[in-house]
Amino acid sequence: MEIIESNNHLRCELGACKNKAAHAVKFDRVGIRSRMYVCDKCMRELYDAIGAVIVPKSVETAKAKRSRMKEAR
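Structure report, in brief. (Residues numbered from 1 in each chain as written. Predicted model: local features only at pLDDT ≥ 70, side-chain atom pairs only at ≥ 80, totals over all residues. Heavy atoms only, no water.)

Here the focus is the overall build of the protein chain. Secondary structure summary: the protein chain contains two helices and three strands in total. Seen in sequence order, the protein chain has helices and strands lined up from the N terminus as β-β-β-α-α. For the protein chain, the share of sequence-separated contacts (at least 6 apart) that also reach a separation of at least 24 residues comes to 26%. By element, 56% of the accessible surface of the protein chain is carried by carbon and sulfur atoms, the whole surface being about 6,700 Å². (Helix = DSSP H or I, 4+ residues; strand = E, 2+ residues; numbered from the N terminus. Contact = heavy atoms within 4.5 Å. Areas by Shrake-Rupley, 256 points an atom, 1.4 Å probe, with all protein chains shown as cover.)

Structure, rendered in structure tokens:
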């Protein structure tokens, strides 16, 4: 999946939004309609919603590679 800039003058496809789409989400291995067009406002709302559910691990909890190498010996 990748996000590309949209050069087409299409409407946003999320909800009842009627803004012009600025980005296109291109899906892998999908049929004819393999792109979803999204405006900047909806992209930001989607980013906030995903960020509330998926939280990356902090750097402090991850072990360093060097300590793993020493433990293996």
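What follows is about the environment of lysine 20. Relative to the helices and strands, lysine 20 is located in the loop between β1 (2-5) and β2 (23-26). When the C-alpha atoms of lysine 20 and asparagine 8 are compared, they prove to be 9.1 Å apart, with twelve residues separating the residues in sequence. Beyond its immediate chain neighbours, meaning those up to four positions away, lysine 20 contacts His9, Leu10 and Cys39.

Now for the environment of cysteine 17. If you trace the backbone, cysteine 17 turns up in the loop between β1 and β2. Classification of cysteine 17 as buried rests on a relative accessible area of 13%. Placed 24 residues apart in sequence, cysteine 17 and lysine 41 show a C-alpha to C-alpha distance of 9.3 Å. (Buried < 20%, exposed > 50% of the residue type's maximum accessible area, 1.4 Å probe, protein only.)

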